[in-house]
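Below, each chain spelled out in residue letters.
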Amino acid sequence: GAVVSQHPSRVICKSGTSVKIECRSLDFQATTMFWYRQFPKQSLMLMATSNEGSKATYEQGVEKDKFLINHASLTLSTLTVTSAHPEDSSFYICSAQESSYNSPLHFGNGTRLTVT
Amino acid sequence: SQKIEQNSEALNIQEGKTATLTCNYTNYSPAYLQWYRQDPGRGPVFLLLIRENEKEKRKERLKVTFDTTLKQSLFHITASQPADSATYLCALGQTGANNLFFGTGTRLTVIP
């Protein structure tokens, strides 16, 4: 149980275009979803926290107009990287949490974004 | 400043030995701590959770300790196997907040 599906797994796009990444909890309802960014050999950096039906909470230094997050239902959150630039190339990972604040996070398998 | 440090970036051990990974933190007051395993190109997978009032937790060949005085958690894998080779991440959680703060990870290689 507790499967999180993230799509696409890899995407290459041209500079200036937008890319949407989907994160779905397949067999549970996720009250909260998180979006992380991970650079090679570095830790997961939390970008934003989203709760269904409300605006996402962004971490300091993360541009909300550049990284648009929509959490339309208890099983789906999307991250749109708008007007992507080469420096946005990274590994983006979503995670979902079922219930209480200390319950484990269930992660998707990540999206490798390359902006050319 | 707040820091979560995992002892070494990489650790190599012989198959059958016990691997011990360290997670040290400063300027946090975690209510709980979680350990995750991450394979290359994949998302992390939850392994164990230990709360601040617990000293030790076990699950099969895994053991986690949590010392809030030393501000440290140790993660042990006994009778290690090559399949245990992966990056292991510790993550801290605080009371009332559901986001986690992750360490930089330790890449474990178990040599046959």
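Computed from a predicted structure; not experimentally measured. (Residues numbered from 1 in each chain as written. Chains lettered and ligands numbered in written order. Predicted model: local features only at pLDDT ≥ 70, side-chain atom pairs only at ≥ 80, totals over all residues. Heavy atoms only, no water.)

*Asks:* Help me out: how do you make sense of the overall build of chain A in this one?
*Replies:* The number of helices and strands found in chain A is 0 helices and 11 strands. Helices (α) and strands (β) of chain A occur, in sequence order from the N terminus, as β-β-β-β-β-β-β-β-β-β-β. Viewed in the frame of its principal axes, chain A has a C-alpha envelope of about 40 × 25 × 25 Å. Counting all 116 residues of chain A, 51% fall into the buried class. Partitioning the contacts of chain A with sequence separation of at least 6, the portion at a separation of at least 24 is 54%. Total accessible area on chain A stands at roughly 5600 Å², and carbon and sulfur atoms take up 50% of it. Distance from the positive charge centre (10 side chains) to the negative charge centre (9 side chains) of chain A: 8 Å. (Helix = DSSP H or I, 4+ residues; strand = E, 2+ residues; numbered from the N terminus. Buried < 20%, exposed > 50% of the residue type's maximum accessible area, 1.4 Å probe, protein only. Contact = heavy atoms within 4.5 Å. Areas by Shrake-Rupley, 256 points an atom, 1.4 Å probe, with all protein chains shown as cover. Lys, Arg positive; Asp, Glu negative; His and termini not counted. Charge placed at Lys NZ, Arg CZ, Asp CG, Glu CD.)

*Asks:* What is the right way to look at the sheet that holds strand E3 (residues 19–26) of chain B in this model?
*Replies:* Backbone hydrogen bonds are what pair the strands of a sheet, in a parallel or an antiparallel way. Residues and elements named next belong to chain B. Read from one edge of the open sheet, 5 strands run E1-E3-E8-E7-E6, paired in antiparallel fashion. The open sheet has two edge strands, strand E1 (3–6) and strand E6 (56–59), and neither has a second partner. Going across the sheet, the axis of each strand differs from the next one's by a mean of 15°, ignoring polarity. As paired strands, strand E7 (residues 62–67) and strand E8 (residues 72–77) are joined by 6 bridges and run antiparallel to one another. Bridged to aspartate 67 within E8 is glutamine 72. (Pairing = 2+ DSSP bridges. Axes fitted to C-alpha atoms, helices over the stretch in contact; angles between N-to-C directions.)

*Asks:* Is there a simple way to think about the confidence of the model for chain A in this case?
*Replies:* Predicted coordinates in regions of low pLDDT should not be interpreted in detail. In the predicted model, chain A carries a mean pLDDT of 91, and the fraction of residues at 70 or more is 97%. Here strand E7 (residues 67–73) of chain A stands out as the least confident element of chain A, with mean pLDDT 90; strand E2 (residues 10–13) of chain A is the most confident, with 97. (pLDDT = per-residue confidence, 0-100.)

*Asks:* Which parts of the structure should I look at to understand the environment of Leu89(B)?
*Replies:* Position of Leu89(B) among the secondary structure elements: in strand E9 (residues 86–93). Considering only alpha carbons, one finds Leu89(B) and Lys63(B), 26 residues apart in sequence, at a separation of 14 Å. With sequence-adjacent residues up to four places away left out, Leu89(B) is seen in contact with Leu44(A), Gln6(B), Gln34(B), Trp35(B), Tyr36(B), Gln38(B), Pro44(B), Phe102(B), Gly103(B), Thr104(B) and Gly105(B).

*Asks:* When you look at the sheet that holds strand E3 (residues 19–25) of chain A in this model, what are you seeing that I'm missing?
*Replies:* All names here are of chain A. Pairing in this open sheet of 4 strands is antiparallel, and the strands run E1-E3-E8-E7 from one edge to the other. Looking at strand neighbours, the two that pair on one side only are strand E1 (4–7) and E7, the edges of this open sheet. For this sheet, the mean angle separating the axes of adjacent strands, direction not counted, is 15°.

*Asks:* Would you mind showing me how to read the interface of chain A and chain B here?
*Replies:* Listed by partner, the interface residues are 21 residues for chain A and 25 residues for chain B. Summing the contributions of chain A and of chain B, the shared interface buries around 1700 Å²; its carbon and sulfur component is 53%. Linking chain A with chain B are 0 salt bridges, by the criterion used here. At the junction of chain A and chain B, the tally comes to 6 residue pairs in polar contact (both at pLDDT 80 or more). For the side of chain A that touches chain B, the element with the most residues is strand E4 (residues 32–38) of chain A, which contributes 4 residues. In the side of chain A that touches chain B, the residues fall into 10 nonpolar, 10 polar and 1 charged. (Buried area = accessible area lost by both parts, 1.4 Å probe. Salt bridge = Lys/Arg side-chain N within 4 Å of Asp/Glu carboxyl O. Polar contact = N/O pair within 3.5 Å; in protein donor to acceptor, adjacent residues only side chain to side chain. Nonpolar A, V, L, I, M, F, W, Y, C, P; charged D, E, K, R; others polar.)

*Asks:* Whenever I open this one, the state of the cysteines confuses me. Can you help?
*Replies:* Put plainly, two cysteines are in a disulfide when a covalent bond ties their sulfur atoms together. Residues and elements named next belong to chain A. Under the defined criterion, the tally for this structure stands at 2 disulfides over all chains. A disulfide bridge connects cysteine 23 with cysteine 94, and the sulfur atoms are separated by 2.0 Å. Across the S-S bond linking cysteine 23 and cysteine 94, the dihedral sits near 80°, which makes this disulfide right-handed. On the criterion of sequence distance, the pair formed by cysteine 23 in strand E3 and cysteine 94 in strand E9 (residues 90–97) is long-range, its members being 71 residues apart. Here cysteine 23 matches cysteine 94 in class, with each residue buried. (Disulfide = S-S within 2.5 Å.)

*Asks:* Whenever I open this one, the nonpolar core confuses me. Can you help?
*Replies:* The nonpolar side chains of soluble globular proteins are, as a tendency, buried together. In terms of nonpolar packing, the biggest core is built from 24 residues, with Trp35(A), Phe67(A), Leu79(A), Tyr92(A) and Leu113(A) touching the most fellow members. For this core, the elements supplying multiple residues, two or more each, are E2, E3, E4, strand E5 (44–51), E7, strand E8 (76–81), E9 and strand E11 (111–115) of chain A. With 23 residues, the next largest nonpolar core counts Tyr25(B), Ile50(B), Phe66(B) and Phe75(B) among its residues. (Core = buried A, V, L, I, M, F, W, Y, C linked by side-chain atoms within 4.5 Å.)

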